[in-house]
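Here is how the chains run, residue by residue.
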Amino acid sequence: MKIKLTPELAYIIGFWRKRRTYEGLGIRGETEFLEIFSKEVLDKQLTTTEKFQNEDNKAYFYHSAYRKFFQDIEEEQLERFKYLNEYAASYLAGMFDSVGGIDERGVIFLTKTNPQDELLLLRLGFGGKYREGKLIIEKPKAFLTFIKNYMKRFQGHKVFEYLKDKK
């Protein structure tokens, strides 16, 4: 089975990276995250509803080829997502939907990051600096503009109205 990276698959991998389960290929978290992951996985036909497990704040399925592919993409993220294209946008949108946030002042951040994530953001021109355990995006307008068409969780957030006003 030859698996090819698509923007849709890049989104799922970005979403999966920071919330992965120990069993199978899946995520853990609140209902909102489980619904996004389940919908994306089933829409992209990575598995069937019969093989999809949903229990105790976890959603996962077993597929060794996809698991290996996801892990390979994660290890190669700095090489795979070095250009400002739809693959990088989808991947970052998945990460942002999974562990990102917008605080009450409109500060855009990622949690559960590592030095590779920081380097990826820097290489793509968005920058990031750590403050209070969060990786703050230094160019939030550019970042959100780049990923907004691929995001699932923050669609319709008030910060996007702000972006429209500033054009």
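Residues numbered from 1 in each chain as written. Predicted model: local features only at pLDDT ≥ 70, side-chain atom pairs only at ≥ 80, totals over all residues. Heavy atoms only, no water.

If you had to explain the environment of Q53 to someone new, which residues and values would you point to?
Inspection of the secondary structure puts Q53 in strand β2 (residues 53–55). A relative accessible area of 30% means that Q53 is categorised as partly exposed. C-alpha of Q53 to C-alpha of I12: the two residues are 41 residues apart in sequence and 17 Å apart in space. In this structure, Q53 is in contact with K58, A59 and Y60, ignoring residues within four places of it in sequence. (Helix = DSSP H or I, 4+ residues; strand = E, 2+ residues; numbered from the N terminus. Buried < 20%, exposed > 50% of the residue type's maximum accessible area, 1.4 Å probe, protein only. Contact = heavy atoms within 4.5 Å.)

I'd love a proper account of the sheet that holds strand β1 (residues 25–28), names of residues and values included.
Pairing is antiparallel across the open sheet formed by 3 strands, whose spatial order is β1-β3-β2. With partners counted over all chains shown, the strands left at the sheet margins are β1 and β2, one partner each. Strand-to-strand twist in this sheet, taken as the mean axis angle between neighbours without regard to direction, amounts to 10°. Examined bridge by bridge, β2 and strand β3 (residues 58–61) share 3 bridges and lie antiparallel to one another. (Pairing = 2+ DSSP bridges. Axes fitted to C-alpha atoms, helices over the stretch in contact; angles between N-to-C directions.)

Break down the sheet that holds strand β5 (residues 108–110) for me, with residues and values.
The antiparallel open sheet is built from 4 strands, whose spatial order is β4-β5-β7-β6. Strands at the two margins of the open sheet, each flanked by one partner only, are β4 (100–102) and β6 (128–131). Ignoring which end each strand starts from, the neighbouring axes of this sheet average 35° apart. Where β4 and β5 come together, 3 bridges link them in antiparallel fashion. The residue of β5 that forms the bridge with I102 is I108. The sheet contacts of helix α5 (residues 86–99) involve β4 and β5, and relative to β4 the element is tilted by about 70°.

Break down helix α1 (residues 7–17) for me, with residues and values.
The periodicity of an α-helix, 3.6 residues per turn, causes residues three or four places apart in sequence to face the same way. Most of α1 is tucked away, with 10 of its 11 residues classed as buried. Looking only at α1, the buried set comprises P7, L9, A10, Y11, I12, I13, G14, F15, W16 and R17. On the buried face of α1, the contacting elements are β1, α2 (31–43), α3 (64–75), α4 (77–80), α5 and α6 (115–123).

Describe in detail the nonpolar core, supporting the description with residues and values.
The biggest cluster of nonpolar side chains holds 49 residues, and the ones touching the most others in it are L9, F37, F70, F96 and F143. A total of 8 residues in this core trace back to one element, the largest contributor, which is α5. (Core = buried A, V, L, I, M, F, W, Y, C linked by side-chain atoms within 4.5 Å.)

Which residues make up α6, and what values do they have?
Turning to α6, its buried residues number three or more, namely D117, L120 and L121. The arc that holds the buried residues of α6, viewed along the axis, is 95°, so those residues lie on one side. Among the exposed residues of α6, those pointing more than 90 degrees away from its buried face are P115 and L122. Residues of α6 that are buried make contact with α1, α4, α5, β5, β7 (134–137) and α7 (140–147). The N-cap of α6, judged by a side-chain oxygen 3.0 Å from the amide nitrogen of Q116 a few residues on, is N114. (Arc of directions from axis to C-beta. Polar contact = N/O pair within 3.5 Å; in protein donor to acceptor, adjacent residues only side chain to side chain.)

For the packing of α1 against α3, give the residues involved together with the corresponding values.
Between α1 and α3, the shortest axis-to-axis distance is 10 Å and the interhelical angle comes to 80°. It follows from the interaxial angle that α1 and α3 lie roughly perpendicular. Residues L9, I12, I13, W16 and R17 of α1 lie in contact with α3, whose contacting residues are Y66, F69, F70, Q71, I73 and E74. Partitioning the contact of α1 with α3 into residue classes produces 8 nonpolar, 1 polar and 2 charged. (Parallel < 35°, antiparallel > 145°, perpendicular 65-115°, else oblique. Nonpolar A, V, L, I, M, F, W, Y, C, P; charged D, E, K, R; others polar.)

Tell me what's going on with the pairing of β7, and back it up with residues and numbers.
Two faces belong to every sheet, and in a regular strand the side chains alternate between them. Examined bridge by bridge, β5 and β7 share 2 bridges and lie antiparallel to one another. By the bridge assignment for β7, L110 is matched with L135. Of the strand pairs in this sheet, β6 and β7 are connected by 4 bridges, and their pairing is antiparallel. Residue pairing across strands places R131 opposite K134, the latter belonging to β7. Linking β6 to β7, which pair antiparallel, is a turn of 2 residues; within it E132 sits at a positive phi near 50°.

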